[in-house]
Amino acid sequence: LQQVSTFVVVYQERSFTAAAERIHATQSGLSMQVKELEDSLGLQLFERSTRGVEPTAAGERFYAHALRVLRWWDEGSG
């Protein structure tokens, strides 16, 4: 679930650095979490460049699912 949450923040910020600042984490830690998520899914979720990240088509689809999962988790654990 942590990897999914991390993915969502990186998606919204379009930057590992900005995402790390937003959630008070390290850029390298977030990058590692997203890479592990991509490896476990067998999908590339972001195109990485020096200007930041852009979601791939798979990343766009996964974002919609990730929001539903996080919403479901929040409703069930509250």
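Residues numbered from 1 in each chain as written. Predicted model: local features only at pLDDT ≥ 70, side-chain atom pairs only at ≥ 80, totals over all residues. Heavy atoms only, no water.

Draft legend 1. Examining the pairing of strand β2 (residues 52-55) more closely. Alignment of strand β1 (residues 46-49) against β2, held across four bridges, turns out to be antiparallel. In the sheet register, S49 faces β2, and the bridge partner there is G52. Connecting β1 to the next strand, β2, in antiparallel fashion are two residues. (Pairing = 2+ DSSP bridges. Helix = DSSP H or I, 4+ residues; strand = E, 2+ residues; numbered from the N terminus.)

Draft legend 2. Summary view of the nonpolar core. With 19 residues, the main nonpolar core has F7, V10, F46 and F62 as its most contacted residues. Residue assignment for this core shows that the elements contributing at least two residues are α1 (2-13), α2 (16-23), α3 (27-41) and α4 (57-77). Sort the elements by how many residues they give to this core and α1 lands first, with six residues. Sequence-distant contacts of F62, that is, excluding residues within four places in its chain, are made with V4, F7, L37, L41 and L45. (Core = buried A, V, L, I, M, F, W, Y, C linked by side-chain atoms within 4.5 Å. Buried < 20%, exposed > 50% of the residue type's maximum accessible area, 1.4 Å probe, protein only. Contact = heavy atoms within 4.5 Å.)

Draft legend 3. Quick look at unusual backbone geometry. Look at R14: it is not a glycine, yet its phi comes out positive at around 60°. Despite not being glycine, H24 has its phi angle at roughly 55°, a positive value. Considering the arrangement of structural elements, one finds H24 in the loop between α2 and α3.

Draft legend 4. Looking closely at the packing of aromatic side chains. Inspection of every chain in the model, using the stated rule, returns six aromatic pairs. Between the aromatic rings of F7 and Y11, the centroid separation amounts to 6.0 Å while the plane-to-plane angle is 45°, which identifies the pairing as tilted. Of this pair, F7 and Y11 both sit in helix α1, four residues apart, which is roughly one turn of the helix. These aromatic residues form a ring-pair network of at least three members: F7, Y11, F16, F46, F62 and Y63. Taking the ring centre of Y11 as reference, the NZ or CZ of R14 above it sits at 4.4 Å. (Phe/Tyr/Trp six-rings, centres within 6.5 Å; stacked < 30°, edge-to-face > 60°. Lys NZ or Arg CZ within 6 Å of the ring centre and 35° of its normal.)

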